[in-house]
Amino acid sequence: MRSNFSIREAAVADIPTIHQLAEAIWEPTYRPILSREQIDYMFEAIYTYEALERQMLEGQTFLLVLDGDEPVGFAAYSVKDSAKAVYKLNKIYLLPSRQGSGLGKVMLEAVEERVRKAGARYLDLNVNKYNKAKAFYERCGYQVYQEEDIPIGPYWMNDFVMRKALA
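Predicted model, so just to flag it, every value in this text is computed and none were measured.

**Observations concerning the overall build of the protein**
Now for step 1: Secondary structure summary: the protein contains five helices and seven strands in total.
Now for step 2: When the elements of the protein are put in sequence order from the N terminus, they spell out β-α-α-α-β-β-β-α-β-α-β-β.
Now for step 3: Here the protein has a C-alpha radius of gyration of 15 Å; the compact-globule value for 167 residues is 15 Å, and the two agree.
Now for step 4: Judged by the C-alpha coordinates and their principal axes, the protein covers about 40 × 40 × 30 Å.
Now for step 5: Expressed as a percentage of the 167 residues in the protein, the buried residues total 45%.

In C-alpha cells, the structure reads:
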C-alpha cells in the first residue's frame, strides 16, 4: 500500500464523489450474490444524491479515503444504541482495484478509532451472509452477533450482524 493516502470527514459537497465511488464499487461487489434487479433497486434507494444527503442529516458520518487527490473509498458510521454505547458501521467500500492492499483495514481502524473517541464500547456492522468480506471482518476481530433479514422494497437483505468490542 502506498502511504500517500488520507482519510477525512465528508461533507454534503462531497456527495457527488461518494455517488461516483458507489457507482464504481457497488455492482462489482454485489454481482456475485444479488440479482441485477436487486442491485439496481438498492443502489437507487441508498446512493442517489438525495438519499446520501438524508443519511448525513440523519446522523451518519461519512469518511472519504483519498490516495493523493484521488478518492478511492468511503465509509459511514452512526450511533446505533446510545444507552449501550453501540455504534454501527453503515458502509465501508473501496474501489475493487484497491482491495487487498491493506487500505480496507486502515479504513476500518479509522472508524473504530473515531467511534471509540466518541464513547463507543462496541461497533456493529451488517454483512450479507454470502459476502466474502465476512472473512475480512473476522480477521479484524469481528464476530457474528446475530442474523438479520431486512426488507428493502420487494427484496431482502440476508445479513449477519457482526460486532467488535472496542473497550
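**Comments concerning the sheet that holds strand S4 (residues 86-94)**
Now for step 1: Across the sheet, seven strands lie side by side as S1-S2-S3-S4-S5-S7-S6; this open sheet has mixed pairing. For this open sheet the edge positions go to strand S1 (5-9) and strand S6 (143-152), each flanked by a neighbour on one side alone. Strand-to-strand twist of the sheet, defined as the mean angle between neighbouring strand axes without regard to direction, takes the value 25 degrees.
Now for step 2: Sheet topology places strand S2 (residues 61-67) next to strand S3 (residues 70-81); seven bridges connect them, and they run antiparallel. Directly across from Asp67, in S3, lies its bridge partner Glu70.
Now for step 3: Across the face of the sheet, helix H2 (residues 36-46) comes into contact with S4, S6 and strand S7 (155-165) while running at roughly 65 degrees to S7.

**So, the pattern of salt bridges**
Now for step 1: Throughout the structure, instances matching the rule amount to 16 salt bridges.
Now for step 2: The partner of Arg36 in a salt bridge is Glu27, and the shortest N-O contact between them spans 3.2 Å.
Now for step 3: A residue is classified by how much of its surface remains accessible, and Arg36, at 42% relative accessible area, is partly exposed.
Now for step 4: In this structure, Arg98 and Glu70 form a salt bridge, with 3.2 Å as the shortest nitrogen-oxygen distance. Within this pair, whereas Arg98 is found in the loop between S4 and helix H4 (103-117), its partner Glu70 is found in strand S3, the two being separated by 28 residues in sequence.
Now for step 5: Residues joined in a network through salt bridges with shared partners are Glu27, Arg31, Arg36 and Asp40.

**Focus on the nonpolar core**
Now for step 1: Among the nonpolar cores identified, the biggest contains 48 residues, and Trp26, Tyr47 and Phe74 are the most heavily contacted of them.
Now for step 2: When residues of this core are assigned to their parent elements, the largest contribution, seven residues, is made by helix H1 (residues 15-30).
Now for step 3: The residues contacting Tyr47, other than those within four sequence positions of it, are His19, Ala22, Trp26, Leu52, Phe74, Lys91 and Tyr93.

**Focus on the environment of Ser97**
Now for step 1: Here Ser97 shows up in the loop between S4 and H4.
Now for step 2: Classification of Ser97 as exposed rests on a relative accessible area of 63%.
Now for step 3: Considered as a pair, Ser97 and Val72 are 25 residues apart in the sequence and their alpha carbons are 9.0 Å apart.

**Description of the packing of aromatic side chains**
Each aromatic ring pair is described using two quantities: the centre-to-centre distance and the angle formed by the ring planes.
Now for step 1: Counted by the stated rule, this structure contains 11 aromatic pairs.
Now for step 2: Seen in terms of ring centroids, Phe43 and Tyr47 are 5.5 Å apart; in terms of plane orientation they differ by 35 degrees. Their pairing is tilted.
Now for step 3: Taken together, the ring pairs connect Trp26, Tyr30, Phe43, Tyr47, Phe74 and Tyr93 into an aromatic cluster.
Now for step 4: Above the plane of the ring of Phe160 lies Lys129, whose end atom (NZ or CZ) is 6.0 Å from the centre.
Now for step 5: The ring of Tyr145 is capped by Arg163, whose NZ or CZ atom sits 3.8 Å from the centre of that ring.

**With respect to unusual backbone geometry**
Now for step 1: Of note, the phi angle at Ala85 is positive, near 55 degrees, even though the residue is not glycine.
Now for step 2: Inspection of the secondary structure assignment puts Ala85 in the loop between S3 and S4.

Analysis parameters
- Residues numbered from 1 in each chain as written.
- Predicted model: local features only at pLDDT ≥ 70, side-chain atom pairs only at ≥ 80, totals over all residues.
- Heavy atoms only, no water.
- Helix = DSSP H or I, 4+ residues; strand = E, 2+ residues; numbered from the N terminus.
- Rg over C-alpha atoms; globule rule 2.2 N^0.38 Å.
- Buried < 20%, exposed > 50% of the residue type's maximum accessible area, 1.4 Å probe, protein only.
- Pairing = 2+ DSSP bridges.
- Axes fitted to C-alpha atoms, helices over the stretch in contact; angles between N-to-C directions.
- Contact = heavy atoms within 4.5 Å.
- Salt bridge = Lys/Arg side-chain N within 4 Å of Asp/Glu carboxyl O.
- Core = buried A, V, L, I, M, F, W, Y, C linked by side-chain atoms within 4.5 Å.
- Phe/Tyr/Trp six-rings, centres within 6.5 Å; stacked < 30°, edge-to-face > 60°.
- Lys NZ or Arg CZ within 6 Å of the ring centre and 35° of its normal.

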